[in-house]
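Residue-level listing of the chains:
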Amino acid sequence: MRIDVLTVLPGLFDCFLKEGVIGKAISSGKVEVKVHNIRDFTTDKHRVVDDVPYGGGPGMVLKPEPIFRAYDELTKEGEKPYVLLTEPWGEKFNQEMAVELSKKPRLMIICGRYEGVDERVKSLVDREVSIGDYVLTGGELPAMVIMDAVLRLIPGVLGNLESLRADSFSDRGLLGYPNYTRPAEFRGMKVPEVLLSGHHKKIESWRKEQSLRKTLERRPEIIENLKRKGLLTKEELE
Ligand SMILES: NC(=S)c1ccno1
């Protein structure tokens, strides 16, 4: 997969693209991520990327020209990207969308900033995406959240596919089970005996029960939804 990011603050991505699982995936060539400074696509000597809103009002709006120039330049060759725009009022990002996006060969993420982008930029956009109902100083952090959730799903990026399977939200949207590691007792808190038993069937059923219990406690609507769709087994319903 290739991802092109358009932003006025490229430096925000430096650590994200160098460290951890994402950094390794990029350095090993499993995925390609290119961050582009929208200012590099301006033509004036002050490299202006924003302007006051028509009709008045607070703040500044990202101008269309530099973004269109960037899009035209970056899409001259190769597959056309699926274009996302990160904005607070976009479609809510979730694991289902992450899975869908992970199957695209190429993405472009336009990071909103200031009061937002000129509305005409949206003629380039396939999906406006929000990571939550709150307003940030810009769309760069949402872009990193989306890239993290999407890139980890690319085959070969996560060493152990098992951890993908055990993800929260990956089994019918159920929350993940509790995890423990050594020591077996820490400050009087013991690891559940079943996890020390070596009995894989019992461990699996304990994990399933914990996952259902946690989902029922924290996200009962997910259980109701699965019940309505007939996606819970008889045992799980008991
Ligand atoms: N909630 C999102 S995605 C956002 C983008 C910019 N500000 O908030």
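None of the values given here were measured: they were computed from a predicted structure.

J.: Tell me about the overall build of the protein chain, residues and numbers included.
T.: Along the backbone of the protein chain there are ten helices and nine strands. The C-alpha radius of gyration of the protein chain comes to 22 Å, more than 25% above the 18 Å expected for a compact globule of 238 residues. Expressed as lengths along the three principal axes of its C-alpha atoms, the size of the protein chain is roughly 70 × 40 × 40 Å. Here the protein chain holds 238 residues, and the buried ones make up 42% of them. A separation of at least 24 residues holds for 74% of the contacts in the protein chain among residues at least 6 apart in sequence. Carbon and sulfur atoms form 53% of the exposed surface of the protein chain, whose accessible area is close to 14200 Å². Distance between charge centres in the protein chain, computed from 38 positive and 38 negative side chains, equals 5 Å.

J.: How would you explain the side chain of glutamine 210 if you had to name every residue and give the values?
T.: Mapped onto the elements of the fold, glutamine 210 is located in helix 8 (residues 200–218). Overall, the relative accessible area of 18% leaves glutamine 210 in the buried class. The contact partners of glutamine 210, leaving out residues within four places of it in the chain, are Tyr177 and Pro178.

J.: Break down helix 5 (residues 140–151) for me, with residues and values.
T.: Compared with the 16 Å implied by 1.5 Å per residue over twelve residues, the 16 Å span of helix 5 between its first and last C-alpha is a close match. Most of helix 5 is tucked away: nine of the twelve residues are buried. Those residues of helix 5 lying buried are Glu140, Pro142, Ala143, Met144, Ile146, Met147, Ala149, Val150 and Leu151.

J.: Lay out the pattern of salt bridges in plain terms, naming residues and giving numbers.
T.: When the charged atoms of two side chains lie near each other, side chains of opposite charge can form a pair. All told, the structure shown has 20 salt bridges when counted by the stated rule. The network of salt bridges with shared partners includes Glu87, Glu119, Lys122 and Glu128.

J.: I'd love a proper account of unusual backbone geometry, names of residues and values included.
T.: At the junction of arginine 182 and proline 183, the peptide bond is cis and its omega measures out at 10° in the coordinates. Locating proline 183 in the fold gives a position in the loop between helix 6 (161–165) and strand 8 (185–186). At arginine 47, a position not held by glycine, the phi torsion is positive, near 50°. Residue position: arginine 47 is located in the loop between strand 2 (32–37) and strand 3 (50–51). Using a relative accessible area of 33% as the deciding quantity, one classes arginine 47 as partly exposed.

J.: So what about helix 4 (residues 95–102)? Which residues, and what values?
T.: The complete set of buried residues in helix 4 reads Met97, Ala98, Leu101 and Ser102. Projected down its long axis, helix 4 carries its buried residues within an arc of 135°, all on one side. The elements touched by buried residues of helix 4 are strand 5 (82–92), strand 6 (106–111), strand 7 (127–130) and helix 5. Of the residues flanking the start of helix 4, the one acting as N-cap is asparagine 94, its side-chain oxygen 3.1 Å from the backbone nitrogen of glutamate 96.

J.: Outline the packing of helix 4 against helix 5, listing residues and values.
T.: Relative placement of two packed helices is described by the angle separating their axes and the distance separating the axes. Direction vectors running N to C along helix 4 and helix 5 enclose 70°, while the axes themselves pass 8 Å from each other. Classified by the interaxial angle, the pair formed by helix 4 and helix 5 is roughly perpendicular. Two packed elements cross with a definite hand, and for helix 4 against helix 5 that hand is right-handed. Contact with helix 4, carried on its side by Ala98, Leu101 and Ser102, involves Ile146, Ala149 and Val150 of helix 5 and no other residues of that element. Broken down by class, the residue content of the contact of helix 4 with helix 5 amounts to five nonpolar, one polar and no charged.

J.: For the environment of leucine 151, give the residues involved together with the corresponding values.
T.: Tracing the backbone shows leucine 151 in helix 5. Here leucine 151 falls in the buried class, since its relative accessible area comes to 1%. Spatially, the C-alpha atom of leucine 151 lies 8.3 Å from that of methionine 1, the residues being 150 residues apart in sequence. Apart from residues no more than four positions distant in its own chain, leucine 151 is found in contact with Met1, Ile3, Ile22, Val31, Val33 and Val157.

J.: Tell me about the site of the ligand, and name the residues and values.
T.: The local shell around the ligand consists of Glu87, Pro88, Val129, Ser130, Ile131, Gly132, Tyr134, Val135, Leu136, Gly138 and Pro142. Interatomic distance of 3.4 Å between a side-chain N/O atom of serine 130 and a nitrogen atom of the ligand. Between a nitrogen atom of the ligand and a main-chain N or O atom of tyrosine 134, the distance comes to 3.0 Å. For the ligand, the accessible surface in isolation is 260 Å², of which the surrounding protein chains cover 96%. Every element with two or more residues in the shell around the ligand is listed here: strand 5 and strand 7.

Reading the values: rules and limits
Residues numbered from 1 in each chain as written. Predicted model: local features only at pLDDT ≥ 70, side-chain atom pairs only at ≥ 80, totals over all residues. Heavy atoms only, no water. Helix = DSSP H or I, 4+ residues; strand = E, 2+ residues; numbered from the N terminus. Rg over C-alpha atoms; globule rule 2.2 N^0.38 Å. Buried < 20%, exposed > 50% of the residue type's maximum accessible area, 1.4 Å probe, protein only. Contact = heavy atoms within 4.5 Å. Areas by Shrake-Rupley, 256 points an atom, 1.4 Å probe, with all protein chains shown as cover. Lys, Arg positive; Asp, Glu negative; His and termini not counted. Charge placed at Lys NZ, Arg CZ, Asp CG, Glu CD. Expected span 1.5 Å × (residues − 1). Salt bridge = Lys/Arg side-chain N within 4 Å of Asp/Glu carboxyl O. Arc of directions from axis to C-beta. Polar contact = N/O pair within 3.5 Å; in protein donor to acceptor, adjacent residues only side chain to side chain. Axes fitted to C-alpha atoms, helices over the stretch in contact; angles between N-to-C directions. Parallel < 35°, antiparallel > 145°, perpendicular 65-115°, else oblique. Left-handed = near helix turned anticlockwise from the far one by under 90°. Nonpolar A, V, L, I, M, F, W, Y, C, P; charged D, E, K, R; others polar. Near = heavy atom within 4 Å.

So yeah, pure geometry; function would need other evidence.
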